[in-house]
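Here is how the chains run, residue by residue.
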Amino acid sequence: MTVRNHDLVVSLPHEGTAMRTTDTAGSCQAASGAVTPLKIQQGDVDSTTGCSTQPIPNMPGRRTSTTATRTTTTTTTSSVPGQSADDARRPHADFSFEELVDAYYDCRQNKRNTQSALAFEQYLERNLCALYDDLADGSYRPGRSICFVVTRPKVREVWAADFRDRIVHHLFYNRIAPRYYARFIADSCACIPGRGTLYAAKRLEAKIRSITENWTRPAYYLKLDLANFFVSIDKRILHRQLAERITEPWWMDLAETILFHDPRLDVEYRGRPQDFAKVPEHKRLSTQDASHGLPIGNLSSQFFANVHLDELDQFIKHRIGARHYVRYVDDFILLHESPQWLNEAKHHIEQFLDMALALRINQTKTILQPVDRGVDFVGQVIKPYHRATRRRTVASALQRVATLPAAELFETANSYFGLLRQADHHHRDCTRLANLLRRRGHCISGDITKTYRHHEH
């Protein structure tokens, strides 16, 4: 029988940002909702609170953890059971509580006002300690997912993991992803720090200028797209790829838990049935068998996609010998002076995808044409001497801003200003957006880069 006496004197602060940067020796109280700066020390870990304690010599039945603000004493019986066979076989949890706290802060960015995030933060310390315990003793299992449908830029299902599970995804990503950065080629974009859509567009533009000698020589581009990429991923192949570089048993176990979790077994569907009916059947995760498909919407899926397609990148760069190549998730472009060479490369890529990754090319989206006609990639069109936002994107932005309720206009309009400014040829598009906002009563900055809140008088 275990007796715990708690003397809690730390109140819940509204801002816990110091928790990430300040090393303290706090402890975790399961009955507390307090957000206190914590630091795990070396020693035993209380199985209930997840707090590190130091054993007192010659007193096997008593453990005490003392901080500047409180003292917690735990009294147990003198008979301590030996380690079970399962415990002996279980890999050591190779992570600290600080890493879990860092993962929480990363996870809550732009998600703090969601229902699941608020519920988790209401009893933050208790929930973090419980999650730490579950991960450390191997009892962690993913929870319920939420499935909904988005219609822009295209209709697709999104599977959002619970906030608690997203913290685990960030914990895994923060530890494992950096070791892959050195392996990934510089032409691989998405879910890599500093390599978003703007990076991809600028890199492709630089390669076009290089192969055409600044638009003075002819060249061709081959644009390819993988058919139903996320729902077609074979988890068994991906598992083999992960095992090649994740050598720590505990982290590999966590990778398997995340990878092979089937969100369809415990899911809450949100939205209208007619919206779900708009999703083509071959793009639905629910139509795949258990060994295929990753849920769109999780950080882990984005990272796994990069790991999966790294073999494709290496094949195209080193086996085919493509000097000019850029990939953003499942869209990729090859450049060459010869269209015949590009056709031959396409044949070899299709063979490789079929044999090595069990994927296939979407033939309806394959494009082979001269670069001076314009290269449409990641929402921008690269033409001789300038890079502009895709016309369809601009038209959609103007239509949405014209019809949005006034309460939503400020945030949406400024996000569109930021999107349009990524293209170096953006003045005309920003002017059109600014004029539309002025007609709706909004003021625009002098450099046409943002709008201000509209106040009714």
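Residues numbered from 1 in each chain as written. Predicted model: local features only at pLDDT ≥ 70, side-chain atom pairs only at ≥ 80, totals over all residues. Heavy atoms only, no water.

**Q** What is the right way to look at helix H10 (residues 249-259) in this model?
**A** Because the α-helix completes a turn every 3.6 residues, residues three or four places apart line up on one side. Taken as a whole, H10 has its buried residues at Trp250, Trp251, Met252, Leu254, Ala255, Ile258 and Leu259. Residues of H10 that are buried make contact with helix H5 (124-137), helix H6 (163-181), helix H9 (235-243) and helix H12 (299-320). (Buried < 20%, exposed > 50% of the residue type's maximum accessible area, 1.4 Å probe, protein only. Helix = DSSP H or I, 4+ residues; strand = E, 2+ residues; numbered from the N terminus. Contact = heavy atoms within 4.5 Å.)

**Q** Would you mind going over unusual backbone geometry with me for this structure?
**A** Most peptide bonds take the trans configuration, and most residues that are not glycine carry a negative phi. Despite not being glycine, asparagine 214 has its phi angle at roughly 60°, a positive value. In this fold, asparagine 214 is placed in the loop between helix H7 (197-211) and strand S9 (220-225). For asparagine 214, a relative accessible area of 36% translates into the label partly exposed. Despite not being glycine, tyrosine 385 has its phi angle at roughly 75°, a positive value. With respect to the helices and strands, tyrosine 385 occurs in the loop between strand S15 (380-383) and strand S16 (386-389). Relative accessible area serves as the criterion here: at 52%, tyrosine 385 is assigned to the exposed category.

**Q** Whenever I open this one, the packing of helix H3 (residues 97-108) against H6 confuses me. Can you help?
**A** The description of two packed helices rests on the angle between their axes and on the distance between the axes. Where H3 meets H6, the closest approach of the two axes is 8 Å, and the angle between their N-to-C directions is 115°. As judged from the angle between their axes, H3 and H6 are roughly perpendicular. Pair H3 / H6 crosses with right-handed handedness. Of H6, the residues touching H3 (which contributes Glu99, Leu100, Ala103, Tyr104, Asp106, Cys107 and Arg108) are Phe163, Arg166, Ile167, His170, Leu171, Asn174 and Arg175. By residue class, the composition of the contact of H3 with H6 is 7 nonpolar, 2 polar and 5 charged. (Axes fitted to C-alpha atoms, helices over the stretch in contact; angles between N-to-C directions. Parallel < 35°, antiparallel > 145°, perpendicular 65-115°, else oblique. Left-handed = near helix turned anticlockwise from the far one by under 90°. Nonpolar A, V, L, I, M, F, W, Y, C, P; charged D, E, K, R; others polar.)

**Q** How should I be thinking about the confidence of the model for the chain in this particular structure?
**A** Keep in mind that low pLDDT regions are not for reading the predicted coordinates in detail. Overall, the prediction assigns the chain a mean pLDDT of 83, with 79% of residues at 70 or greater. Contacts from residues 1-85, a stretch scored under 50 in pLDDT, to residues over four places away or in other chains number 153 contacts. (pLDDT = per-residue confidence, 0-100.)

**Q** For this particular structure, what's the right way to read the pairing of strand S7 (residues 156-160)?
**A** Regular strands place side chains that alternate from one sheet face to the opposite one. A large share of S7 lies buried, amounting to 4 of its 5 residues. Where strand S6 (residues 145-150) and S7 come together, 5 bridges link them in antiparallel fashion. Looking at S7, one finds that isoleucine 146 is bridged to alanine 160. The hairpin formed by S6 and S7 contains 5 residues between the paired strands. (Pairing = 2+ DSSP bridges.)

**Q** Sorry, what's going on with the pairing of S6 here?
**A** The side-chain alternation of S6 yields one buried face, formed by Ser145, Cys147 and Val149, and one unburied face, formed by Ile146, Phe148 and Val150. With 3 bridges connecting them, S6 and strand S10 (residues 267-269) associate as parallel partners. Across the sheet, residue cysteine 147 finds its bridge partner in S10, namely tyrosine 269.

**Q** I tried to follow the sheet that holds S10 on my own but got confused; where do I start?
**A** Two strands in a sheet stick together by hydrogen bonds in their backbones, pointing the same way (parallel) or opposite ways (antiparallel). With respect to topology, 3 strands assemble into an open sheet ordered S7-S6-S10, the strand pairing being mixed. Looking at which strands have only one partner, the edges of the open sheet turn out to be S7 and S10. Neighbour-to-neighbour, the strand axes of this sheet turn through a mean angle of 30°, independent of strand direction.

**Q** Just to check I follow, could you spell out the packing of aromatic side chains for this structure?
**A** Each aromatic ring pair is characterised by the separation of its centres together with the angle its planes make. What the rule picks out here adds up to 20 aromatic pairs. Residues tyrosine 325 and phenylalanine 332 carry aromatic rings whose centres are separated by 6.2 Å and whose planes lie at 65° to one another, so their mutual orientation is edge-to-face. By relative accessible area, tyrosine 325 is classed as buried at 0%. The exposure class of phenylalanine 332 is buried, given its relative accessible area of 0%. Ring pairing ties together the aromatic residues Phe172, Tyr173, Tyr180, Phe184, Phe303 and Phe304, which thus form one cluster. We note arginine 126 situated over the ring of tyrosine 123; from NZ or CZ to the ring centre the distance is 4.7 Å. Over the face of the ring belonging to tyrosine 180 we find arginine 245, whose NZ or CZ atom lies 5.6 Å from the ring centre. (Phe/Tyr/Trp six-rings, centres within 6.5 Å; stacked < 30°, edge-to-face > 60°. Lys NZ or Arg CZ within 6 Å of the ring centre and 35° of its normal.)

**Q** Teacher, can you tell me more about the environment of isoleucine 246 here?
**A** On the secondary structure map, isoleucine 246 appears in the loop between H9 and H10. The buried category is assigned to isoleucine 246, whose relative accessible area is 3%. Taking C-alpha positions, isoleucine 246 is 9.1 Å from arginine 179, a pair spaced 67 residues apart along the chain.

**Q** So what exactly am I meant to see when it comes to H6 here?
**A** Given a rise of 1.5 Å per residue, 19 residues ought to cover 27 Å, and the 26 Å separating the end C-alpha atoms of H6 matches this to within 8%. The axis of H6 is deflected most strongly, by about 35°, at asparagine 174, and proline proline 178 appears within four residues downstream. Extensive coverage of H6 is indicated by the burial of 14 of its 19 residues. (Expected span 1.5 Å × (residues − 1). Bend = angle between axes of the 7 residues up to and from the residue.)

**Q** Is there a simple way to explain the pattern of salt bridges in this structure?
**A** Scanning the entire structure with this criterion turns up 26 salt bridges. The partner of arginine 270 in a salt bridge is glutamate 268, and the shortest N-O contact between them spans 3.1 Å. On the accessibility criterion, arginine 270 (36% relative accessible area) is partly exposed. What you see here is one network of salt bridges that share partners, running through Asp187, Arg203, Lys207 and Lys317. (Salt bridge = Lys/Arg side-chain N within 4 Å of Asp/Glu carboxyl O.)

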